[in-house]
Amino acid sequence: MPDTALVTGASSGIGAEFARYHASKGGDLVIVARRKEPLEALKLELEKAYSVSVTAFAMDVGTSGKATDLYETVRSHDIDVDILINNAGFGGYGAFLDRELAKDQAMIDLNVSALVTLSRLFGNEMRTRRHGKMLHVSSVASFIPGPYQAVYYATKAFVTSFSQALDHEMRRDGITSTALCPGVVRTEFIASANLEGTGLSKQKGASPKSVAKCGYDAMMKGQLIAINERQLSFILNWIVPLIPHRQVLKMVESMQSK
């Protein structure tokens, strides 16, 4: 039977699809998100469809101390987490100096601080068992700077870098770490980040289901980075590095301007 997976941001989008995909393989789950009702609905759906055990915790892991609280709550339920999927995160549109500082700090707290905390706490348990896998949801944004989403792009650059370093350090302990770097995905992200009317919002985008499968399969294979579109992967790895930095900045600005 597959290992128990913990998925943050599991109430919708890619997070919910991670949970469905893992459950379809017979694996038990711990699902976490801010919104209780959709989380409970997903729990009932998965338990009925796949006869797996699903534990749901409604909490905002981006709030100060909540990531540690989640870990302690999981431990109090005597659940061993073998797969950690750090999916929770959000973005936000606007020039850095025009945005509310509190919103960007909250973004850093969730996208970076909570991810680091959960990786450390559950990672230590994985090391004790000499077995475990981590999947960190990053973005193609991690490969380039992002005018009008400066903090979001920077947090994802951190995630991709951090994930690769963890993999190198932890493989000797039987643990792998994978960064999933998708392009535009058809989720609530565009609306919640106030990106309607930009070039990004006009892209068709991939389905959450296909992105989740791409990332999960890459994690199971122990890959360092997974990009869900081959063309994007080629552009980011072979074309963008050859373009002058100022030109890249202008291209991203144009894509994200309203």
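Now for a quick tour of the structure. A quick note: this is a predicted structure, and the numbers were derived from the prediction, not measured.

**Re the overall build of the chain**
Regarding its fold elements, the chain presents nine helices and seven strands. Computed over the C-alpha atoms, the radius of gyration of the chain is 18 Å, within 12% of the 18 Å expected from 2.2 N^0.38 for a compact globule of 258 residues. Expressed as lengths along the three principal axes of its C-alpha atoms, the size of the chain is roughly 50 × 40 × 35 Å. Looking at the 258 residues of the chain, the share that counts as buried comes to 48%. Once local pairs closer than 6 in sequence are excluded, the contacts in the chain between residues at least 24 apart make up 70%. Summing over all exposed atoms, the chain offers an accessible surface of approximately 12,600 Å²; the carbon and sulfur share of this is 53%. Taking the 29 positively charged and 26 negatively charged side chains of the chain as two groups, their mean positions are separated by 6 Å.

**Focus: the pairing of strand S3 (residues 54-58)**
Each regular strand displays side chains that alternate between the two surfaces of the sheet. Taking burial as the measure, the five residues of S3 include four buried ones, the bulk of the element. Chirality of the crossover, the property in question, places the unit of strand S2 (residues 29-33), helix H2 (residues 36-50) and S3 among those that are right-handed.

**Thoughts on helix H7 (residues 208-221)**
In an α-helix there are 3.6 residues to a turn, and that puts residues three or four apart on one side. Taking 1.5 Å of rise per residue, the 14 residues of H7 would be expected to cover 20 Å, and the 20 Å separating its terminal C-alpha atoms lies within 8% of that figure. By the burial criterion, the buried members of H7 are Pro208, Val211, Ala212, Gly215, Tyr216, Ala218 and Met219. Along the long axis of H7, the arc covered by the buried residues comes to 165°, so they all point the same way. Structural note: H7 exposes Lys209 and Lys221 on the side pointing more than 90 degrees away from its buried face. Backbone geometry just downstream of H7 places glycine 222 in the positive-phi region, at approximately 75°.

**Side note on the sheet that holds strand S5 (residues 132-137)**
The strand order across the open sheet built from seven strands is S3-S2-S1-S4-S5-S6-S7, with neighbouring strands paired in parallel fashion. Looking at which strands have only one partner, the edges of the open sheet turn out to be S3 and strand S7 (225-226). In this structure, strand S4 (residues 83-86) lies alongside S5, joined through four bridges in parallel fashion. Note that in S5 the partner of asparagine 86 across the bridge is histidine 136. Lying on the sheet, helix H1 (residues 13-24) is in contact with strand S1 (5-8), S2, S4, S5 and strand S6 (175-180); it crosses S2 at an angle near 170°. Contacts from H2 reach S2 and S3 within the one sheet, and its direction differs from that of S3 by about 180°.

**Digging into the packing of H1 against H2**
Orientation of H1 relative to H2, taken along the N-to-C sense of each, is 20°, at an axis distance of 10 Å. Taken together, H1 and H2 sit at an angle that is classed as roughly parallel. The chirality of how H1 crosses H2 is right-handed. In contact with Ala16, Ala19, Arg20, Ala23 and Ser24 of H1, H2 contributes Leu42, Glu45, Leu46 and Tyr50. Looking at the contact of H1 with H2 residue by residue, the class counts come to six nonpolar, one polar and two charged.

**Focus: the pattern of salt bridges**
Under the defined criterion, the tally for this structure stands at 13 salt bridges. With its nearest N and O atoms 3.5 Å apart, the salt bridge here joins aspartate 80 to arginine 75. On the accessibility criterion, aspartate 80 (39% relative accessible area) is partly exposed. With a shortest N-O distance of 3.7 Å, arginine 129 and glutamate 125 are connected by a salt bridge. Separated by four residues within a single helix, arginine 129 and glutamate 125 lie in helix H4 (residues 101-129), roughly one turn from each other. Judged by relative accessible area, arginine 129 falls into the partly exposed class, the value being 29%.

**Quick word on the nonpolar core**
In this structure, Phe18, Leu29, Ile31, Leu46, Ile85, Leu180 and Tyr216 are the most contacted members of the largest nonpolar core, which totals 31 residues. When contributions to this core are tallied by element, the ones reaching two or more residues are S1, H1, S2, H2, S3, S4, S5 and H7. Here the element with the most residues in this core is H1; it accounts for six residues. In terms of nonpolar packing, the next biggest core, distinct from the first, is built from 25 residues, Val32, Val61, Tyr71 and Ile79 among them.

**Some remarks on the side chain of threonine 155**
Here threonine 155 is to be found in helix H5 (residues 150-170). Take threonine 155: its relative accessible area is 3%, and that puts it in the buried class. The residues contacting threonine 155, other than those within four sequence positions of it, are Ile108, Asn111 and Val112.

Criteria and thresholds
- Residues numbered from 1 in each chain as written.
- Predicted model: local features only at pLDDT ≥ 70, side-chain atom pairs only at ≥ 80, totals over all residues.
- Heavy atoms only, no water.
- Helix = DSSP H or I, 4+ residues; strand = E, 2+ residues; numbered from the N terminus.
- Rg over C-alpha atoms; globule rule 2.2 N^0.38 Å.
- Buried < 20%, exposed > 50% of the residue type's maximum accessible area, 1.4 Å probe, protein only.
- Contact = heavy atoms within 4.5 Å.
- Areas by Shrake-Rupley, 256 points an atom, 1.4 Å probe, with all protein chains shown as cover.
- Lys, Arg positive; Asp, Glu negative; His and termini not counted.
- Charge placed at Lys NZ, Arg CZ, Asp CG, Glu CD.
- Right-handed = clockwise from strand over helix to strand, strands pointing away.
- Expected span 1.5 Å × (residues − 1).
- Arc of directions from axis to C-beta.
- Pairing = 2+ DSSP bridges.
- Axes fitted to C-alpha atoms, helices over the stretch in contact; angles between N-to-C directions.
- Parallel < 35°, antiparallel > 145°, perpendicular 65-115°, else oblique.
- Left-handed = near helix turned anticlockwise from the far one by under 90°.
- Nonpolar A, V, L, I, M, F, W, Y, C, P; charged D, E, K, R; others polar.
- Salt bridge = Lys/Arg side-chain N within 4 Å of Asp/Glu carboxyl O.
- Core = buried A, V, L, I, M, F, W, Y, C linked by side-chain atoms within 4.5 Å.

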